[in-house]
Amino acid sequence: ALIFGQAPAHAVHGSPCIVTADPLTTPLTDEGYQAIVKQSDPQKVAAFMYRVVVEQLNSTVSDESQLASLASNPPMSMYDLTSLLNESSWVCDADSPTCLPRPSEAPLSD
């Protein structure tokens, strides 16, 4: 069972302690993923996926439309998501000079 809560104002960004409905703060775990997918909001799912790409895979997204497409029909589990992202041609190594991140296009920006 998932336990939802408000992240404290003093909490460290990305704290693994509390599953929230916020894709920017919920843990990058299957529980956090399920909490976001359950909301059926592709923008929130894309923001969560973007965090997975950047924070877990040390990569970046080279094609935002592909990310949006995946977020509209997300895989069932965090394991499946990570596997798909690892195999996606539009996810590339953040240190690669041929794949520069475009922060203004990231789903995390308003």
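Whatever comes next refers back to the structure up there.
Structural notes, computed from the coordinates.

### Some remarks on the packing of aromatic side chains
1) Next: Scanning the model with the defined rule gives 1 aromatic pair in all.
2) Next: Ring plane angle 40° and centroid distance 5.6 Å describe the contact between Y33 and F48, whose orientation is recorded as tilted. Placement of Y33 in helix 1 (residues 30-37) and of F48 in helix 2 (residues 42-56) is noted, with a sequence separation of 15 residues between them. Across the pair, exposure class does not vary: Y33 and F48 are buried alike.

### With respect to the packing of helix 2 against helix 4 (residues 78-87)
The relative placement of two packed helices comes down to the angle between their axes together with the axis-to-axis distance.
1) Next: In the contact formed by helix 2 and helix 4, the axes pass within 11 Å of each other and the chain directions differ by 65°. Two packed elements cross with a definite hand, and for helix 2 against helix 4 that hand is right-handed. Side by side, helix 2 and helix 4 meet where F48, M49, V52, V53 and Q56 of the first sit next to M78, L81, T82 and L85 of the second.
2) Next: When its residues are assigned to classes, the contact of helix 2 with helix 4 shows 7 nonpolar, 2 polar and no charged.

### Looking at helix 4
1) Next: When helix 4 is considered as a whole, its buried residues turn out to be M78, L81, T82 and L85. Summarising the axial view, the buried residues of helix 4 lie within an arc of 95°, below the 170-degree limit, and thus occupy one face. Exposed residues on helix 4 whose side chains face more than 90 degrees from its buried face are Y79 and E87.
2) Next: Looking at the buried positions of helix 4, the neighbouring elements they touch are helix 1, helix 2, helix 3 (64-72) and strand 2 (91-93).

### Concerning the nonpolar core
1) Next: Counting residues in hydrophobic clusters, the biggest one holds 20 residues, and the most contacted among them are F48, M49, L81 and L85.
2) Next: Where this core is concerned, the elements lending two or more residues are helix 1, helix 2, helix 3 and helix 4.
3) Next: If you tally residues by element for this core, the top one is helix 2, at 7 residues.
4) Next: Discounting chain neighbours no more than four positions away, the residues touching L81 are Y33, F48, M49, V52, L70 and P75.

### Thoughts on the environment of N73
1) Next: Along the chain, N73 falls in the loop between helix 3 and helix 4.
2) Next: Overall, N73 belongs to the exposed group, its relative accessible area being 61%.
3) Next: Taking the C-alpha atoms as reference points, N73 and P42, separated by 31 residues in sequence, lie 8.2 Å from one another.

How each quantity is defined
Residues numbered from 1 in each chain as written. Predicted model: local features only at pLDDT ≥ 70, side-chain atom pairs only at ≥ 80, totals over all residues. Heavy atoms only, no water. Phe/Tyr/Trp six-rings, centres within 6.5 Å; stacked < 30°, edge-to-face > 60°. Helix = DSSP H or I, 4+ residues; strand = E, 2+ residues; numbered from the N terminus. Buried < 20%, exposed > 50% of the residue type's maximum accessible area, 1.4 Å probe, protein only. Axes fitted to C-alpha atoms, helices over the stretch in contact; angles between N-to-C directions. Left-handed = near helix turned anticlockwise from the far one by under 90°. Contact = heavy atoms within 4.5 Å. Nonpolar A, V, L, I, M, F, W, Y, C, P; charged D, E, K, R; others polar. Arc of directions from axis to C-beta. Core = buried A, V, L, I, M, F, W, Y, C linked by side-chain atoms within 4.5 Å.

Structural measurements only, silent on function.
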